[in-house]
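# Understanding the architecture of this molecule
Take a look at the letters that make up each chain.
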Amino acid sequence: MVTNVKGVEQTVAVGKEEDVWIFSACDLCNANCGIRVHRINGVVVKIEGDPNCPGSGGKLCARGNAGLIALYDPNRLRTPVKRTNPEKGIGVDPKWEPITWEEGLTTVAQKLKEIRKDNPNGLLLCTFDTPVIAQVYLNWAAAFGTQNTMGSSYNCGSGIHPLTYLINGTFQQEVDLDYCNYLILVGSQYGFTAGVNIPITAQKMADARMRGLKVIVIDPVCTNAASKADEWIPIRPGTDGMLALAMLNVMLNELKTYDAEYLKKYTNAPYLINASGDYIRDTKTNKPLVWDGKEGKAKPFDAQISDAALMGDYSVDGHPCRPAFNVMAEHFKQFTPEEAARVTTVPAKAIRRITKEFVDAAKIGSE
C-alpha cells in the first residue's frame, strides 16, 4: 500500500489493480466544491464530495456527481477543430474537422502575430467577470499591446454585483441563514439548488427551515424554491420593482417602521434638501447640513448632533428644506399597494401583509 500526502492523491495497490482517490475541485460552476475522484485501472468510476473541504462540507450537487458523464461523453472534443466551410448561417453545417494541437496553436499564433504587427488594438479580448481570469487576461492584453478588453457579463453578474458594490461595497452577498427568520426571495432560488455555494446554502436553508425560518417566494413561475416555500406569490413578469416601491411606501408611510438610529448614524438620510433637490450646505465649509432636533438648529453633518431629524419642515437662512429621508418617504407615497396590485397582479392586501410580516421579523431596535 502506498499513500501520498493527503489532499493530493491516495493510492492503494492490490496486486496489479490500480485503485486511486484523487483530490481536486469541481469546475462545473463557480462554487468549486472540493471533490474526491475514484479511479480504478485508469477509469474514473465515482466523484464525491471531499469531507475535508470547508467550502462544501463534503456535499456535492447532482451536477457535480454526474461530472464523469462529460469525461466519458463519446461526442466530447478531444482535439481542436477547424472550420472548413466558410459559409455561415442558421442551419449551415460548419464542417468542423479535427486538427492537431500543434496546428491549432500555430494557426492562432500566426493570426496574433499578424494583428500585432499591423495594429495591436485590432485585438479584442473578452472574458467573464471571474476576478482571477480577469487579471490574467488584462495582464496578457497589456503585454500584447491592446487596450481593447471587455468583461462579458451574464445573468448573475450583471444583476447582483453592481448592486452589492453600491449597497455593501462587496462583490457578493449572502443571506444570514443562521439568524434570518423571514426571507423574501424575488426571482431567486437561493438555498434551493442555487447560489454561490450550493451544498452549503442548501444545508443551511434546510437547518433554518427546521428552526422556523419562513420563506416567501415572489416569482412568475412556480419554481423549485416556490414549490417548497411557505408561500408562493405569483407576479406579472418585470414588475417586481413596483412591488418593492409599494412595500417601501407601506413601511415608511403606513407602518412608519424603520431603523432610525442606523439611518441617522450611517447614512445621509438626515441631510437637509432644498426645494431644488440639492443639499443645504454650510456657507463656510460647504458641508451638508442636518437638523438637530434637540437644539433646534442646522449643523454640519459631522458636528456633534444631539438628535438628527429624519422628518419635518425646516428653514435655513430663509430657505425651506426637509431631511432627505422625509423627501424620499414623500416620493414613495405615489406607489400605493392598490396601484402596485394593478401593475403586478399581487393583491394589495398581500402586499401590506408580507410587508408587515417582514418588518415585524426584522425586530428593529432589538439586540
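Above this text you will find the structure in question.
Quick summary incoming for the structure in this document.

## Re the overall build of the protein
On a plain count of helices and strands, the protein comes out with twelve helices and 17 strands. With respect to the three principal axes, the spread of C-alpha positions in the protein is 90 × 60 × 50 Å. Within the protein, contacts between residues separated by at least 24 positions form 43% of all contacts whose residues are at least 6 apart in sequence. Carbon and sulfur atoms form 56% of the exposed surface of the protein, whose accessible area is close to 23000 Å². Where the 40 positive side-chain charges of the protein centre and where its 41 negative ones centre are 1 Å apart.

## A word on the side chain of Lys299
Looking at the secondary structure, you find Lys299 in strand β15 (residues 297-300). Polar contacts involving the side chain of Lys299 include one to the main-chain carbonyl oxygen of Gln304, which spans 2.9 Å.

## Details of the packing of aromatic side chains
Any pair of aromatic rings gets described here by the distance separating the centres and the angle formed by the planes. Within this structure, the stated rule accounts for seven aromatic pairs. A centroid spacing of 5.3 Å and a plane angle of 15 degrees characterise the contact between Trp140 and Phe144, whose relative ring orientation is stacked. Taken together, the positions of Trp140 and Phe144, both in helix α4 (residues 131-144) and four residues apart, correspond to about one turn of that helix. Overall, Phe144 belongs to the buried group, its relative accessible area being 8%. A centroid spacing of 5.2 Å and a plane angle of 70 degrees characterise the contact between Tyr271 and Tyr279, whose relative ring orientation is edge-to-face. A relative accessible area of 14% means that Tyr271 is categorised as buried.

## Here's the deal with the side chain of Glu231
Inspection of the secondary structure assignment puts Glu231 in strand β12 (residues 231-233). A polar atom in the side chain of Glu231 sits 2.5 Å from the side chain of Arg353. Apart from residues lying up to four places away in sequence, Glu231 is in contact with Val215, Ile216, Val217 and Arg353.

## Focus on the pattern of salt bridges
Side-chain pairs of opposite charge can arise where the charged atoms are in close proximity. Inspection of every chain in the model, using the stated rule, returns 19 salt bridges. Salt-bridge contacts for Glu357 lead to Lys214; the nearest nitrogen and oxygen are separated by 3.5 Å. Of this pair, Glu357 sits in helix α12 (residues 348-362) while Lys214 is found in strand β11 (residues 214-218), placing the two residues 143 residues apart along the sequence. For the salt bridge of Lys299 with Glu295, the shortest nitrogen-to-oxygen distance reads 2.8 Å. Note on Glu295: relative accessible area 40%, which makes it partly exposed. The network of salt bridges with common partners includes Lys214, Glu231, Arg353 and Glu357.

## Focus on the packing of helix α8 (residues 240-254) against helix α10 (residues 324-332)
Two elements in contact, α8 and α10, have axes separated by 9 Å at closest approach and are oriented at 125 degrees. Of the possible angle classes, the one that applies to α8 and α10 is oblique. Crossing of α8 against α10: the hand is left-handed. Residues Leu245, Leu248, Asn249, Leu252 and Asn253 of α8 form the contact with α10, whose own contacting residues are Phe325, Met328, Ala329 and Phe332. Grouping the amino acids of the contact of α8 with α10 by side-chain chemistry returns seven nonpolar, two polar and no charged.

## A look at the sheet that holds strand β10 (residues 182-186)
One open sheet accounts for three strands, arranged β10-β11-β12; its pairing is parallel. Single-partner strands in this sheet number two, and they are β10 and β12. Recorded for the sheet is a direction-independent mean angle of 20 degrees between the axes of neighbouring strands. Where β10 lies against β11, five bridges are found, and the strand directions are parallel. Bridge pairing in β11 links Tyr182 to Lys214. Along the sheet, α12 contacts β10, β11 and β12; its crossing angle with β10, the most-contacted strand, is approximately 135 degrees.

## With respect to helix α11 (residues 337-344)
Given 3.6 residues to a turn, an α-helix orients residues that are three or four positions apart in the same direction. Those residues of α11 not exposed but buried are Pro337, Ala340 and Thr344. Taken around the axis of α11, the buried residues stretch over an arc of 55 degrees, which confines them to a single face. Structurally, α11 contributes buried residues whose contacts are with α8 and α12. Just beyond α11, the residue with positive phi is Thr345, at close to 75 degrees.

About the cut-offs
Numbering of residues starts from 1 in every chain and runs along the sequence as written. pLDDT decides what is reported in this predicted model: residues at 70 or higher carry local features, side-chain atom pairs at 80 or more are listed and counted, and totals for whole chains, interfaces and linings draw on all residues regardless. Side-chain measures here rest on the full set of heavy atoms in the structure, leaving out hydrogens and waters. Only DSSP runs of H or I reaching four residues or more are called helices, and only runs of E reaching two or more are called strands; each is numbered from the N terminus. Throughout, a residue-residue contact means that at least one pair of heavy atoms, one from each residue, lies within 4.5 Å. In short, Shrake-Rupley with a 1.4 Å probe defines the accessible areas, and a residue's cover is counted only from the protein chains shown. Positive: Lys, Arg. Negative: Asp, Glu. His and the chain ends are not part of the count. Where a charge sits is defined by one atom per residue type, namely NZ (Lys), CZ (Arg), CG (Asp) or CD (Glu). Nitrogen and oxygen atoms within 3.5 Å of one another constitute a polar contact, given that in protein one can donate a hydrogen and the other can accept it, and given that sequence-neighbouring residues count only through two side-chain atoms. Between rings of Phe, Tyr and Trp, where Trp is taken as its six-membered ring, a pair exists when centres lie within 6.5 Å; planes separated by under 30 degrees are stacked, by over 60 edge-to-face, and by other angles tilted. Burial status follows relative accessibility: with a 1.4 Å probe on protein chains alone, a residue under 20% of its type maximum counts as buried, one over 50% as exposed, and anything between as partly exposed. We define a salt bridge as a side-chain nitrogen of Lys or Arg found within 4 Å of a carboxyl oxygen belonging to Asp or Glu. Axis definition: a line fitted to C-alpha atoms, over the contacting stretch in the case of helices. Angles run 0 to 180 degrees between N-to-C directions. Each angle receives one of four descriptions, namely roughly parallel if under 35 degrees, roughly antiparallel if over 145, roughly perpendicular if within 65 to 115, and oblique otherwise. Here a crossing is taken to be left-handed if its near helix is turned anticlockwise relative to the far helix by less than a right angle, and right-handed if that turn runs clockwise. Each residue gets one of three labels, nonpolar for Ala, Val, Leu, Ile, Met, Phe, Trp, Tyr, Cys and Pro, charged for Asp, Glu, Lys and Arg, and polar for the others, Gly among them. When DSSP finds two or more bridges between two strands, those strands count as paired. Taking the helix axis as origin, the arc is that swept by the directions to the C-beta atoms.

Shape descriptors only; they carry no functional weight alone.
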